[in-house]
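Spelled out from the first residue to the last, the chains are:
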Amino acid sequence: MTTNFFNPVTTQTWTNGRHHVRCVKVIQETWDVRTFCFMAEQPVMFFFKPGQFVTLELEIDGQPMMRSYTISSSPSIPYSFSITVKQVPGGQVSNWLHANLKVGDELVVHGPVGNFNSIDFPAEKVLFLSGGVGITPLMSMTRWFFDTNASVDVEFIHSARAPRDVIYHRELVHMFSRIPEFKLHIVCEKKDDIGEAWAGYRGFLTQPMLEMMAPDFLEREIFCCGPVPYMNAIKAILKANGFNMDHYHEELFGATPVEVREDVLELAEQAEVEAELAEPEELLNIEFAQSNKSVRIQAGETVHAAAAKLGLHIPKACGMGICGTCRVALKSGEVEMEHNGGITDEDIEEGYILTCCSRPKSSLVVDF
């Protein structure tokens, strides 16, 4: 690599979209967790908000797969970014990444996007609460605060199954040993059969534990990420103590909840019935400009569904307006878009939409 690689005149800045990157390093964090580090072939400054995520575009066993992962690195190290992946039993993508992705491999990523970040919710005192691999967005925020010498009082409480499962343990201890305003607390959920010496907290996080670690937790901006039962327990404690939930922010990871999948299937079946009963004048024309194809659909159907009817594959991962993978440009027409943070206000102003959660209010021309 030459010094010309870092020439500020030719270096591009990362923006939300589709990007080709190359794996440059693989780090074994714990026995079942690895960090994958990426750079672009052409120099790119990977600017993002700590806590945001990217979506990987993969092909596994001949099938296209999309999966979203939080960026675990900090934008203070701008020429690369990292994701940290836990190998989940039965998890198709995580197991494939652990078994196959190696230094030198190239892939496509979409992003960065996400409303869960420390930039949009600045505070002098924050409380980070994480469970398992939910530590990744909070690690990105912590690294950012550390690298930028931010004047922030940080209480970081992380829950893991056992000491060997604490991701980034040595780095956390190093950072928190150097800044008095940073305080670290590790909870091992297994009370027995930990397999090694452990003098710290044990069991599941409770209110008495929380009060011991962060007595002023009700005065802090709270960022939480972990399994659903973990976050539900945290929210129950906060609500029982009258915490203003406007200062609580969470990031969900894991599989799409069963009730959400069932709702989606029910709505799809309902849409099919309604489409059969619809009068022709009630249908809206959806044109895909690049593909030179069009279809007429009901106002309640999504743009993504319209594409699928024509056999067009717009990449999609979550289907709920979270990951931002299905972003396309809207050339004309108007949609109603109910997203969950997968697109920025700037992208919307520039005419982009998420096809999975955009429903036409008029006939449309889509740039796809």
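Each remark here, short or long, concerns the structure printed above.
Residues numbered from 1 in each chain as written. Predicted model: local features only at pLDDT ≥ 70, side-chain atom pairs only at ≥ 80, totals over all residues. Heavy atoms only, no water.

### Focus on helix α2 (residues 135-147)
Phase 1 of the analysis: For α2, spanning 13 residues, the distance from its first C-alpha to its last is 18 Å, which sits close to the expected 18 Å at 1.5 Å a residue.
Phase 2 of the analysis: Counting buried positions over the 13 residues of α2 gives 11, a clear majority of the element.
Phase 3 of the analysis: Residues I135, T136, P137, L138, M139, S140, M141, T142, R143, F145 and F146 constitute the buried set of α2.
Phase 4 of the analysis: N149, located one to two residues past α2, shows a positive phi value of around 50 degrees. (Helix = DSSP H or I, 4+ residues; strand = E, 2+ residues; numbered from the N terminus. Expected span 1.5 Å × (residues − 1). Buried < 20%, exposed > 50% of the residue type's maximum accessible area, 1.4 Å probe, protein only.)

### Some details on helix α3 (residues 169-178)
Phase 1 of the analysis: Those residues of α3 that fall on the buried side of the exposure criterion are L172, M175 and F176. The buried residues of α3 occupy one face: seen down the axis, they fall within an arc of 90 degrees. Exposed and oriented more than 90 degrees from the buried face of α3 are R170, S177 and R178.
Phase 2 of the analysis: On the buried face of α3, the contacting elements are α2, β10 (153-160) and β11 (182-188). (Arc of directions from axis to C-beta. Contact = heavy atoms within 4.5 Å.)

### With respect to the pattern of salt bridges
Phase 1 of the analysis: The tally for this structure, following the rule as stated, stands at 15 salt bridges.
Phase 2 of the analysis: In this structure, K49 engages D120 in a salt bridge whose closest nitrogen and oxygen atoms are separated by 3.0 Å. Separated by 71 residues along the polypeptide, K49 in the loop between β4 (44-45) and β5 (53-60) and D120 in the loop between β8 (106-113) and β9 (125-131) bring together distant segments of the chain.
Phase 3 of the analysis: Under the relative-accessibility criterion, K49 is labelled partly exposed at 31%.
Phase 4 of the analysis: Owing to a relative accessible area of 37%, D120 belongs among the partly exposed residues under this scheme. (Salt bridge = Lys/Arg side-chain N within 4 Å of Asp/Glu carboxyl O.)

Geometric values such as these leave the question of function open.
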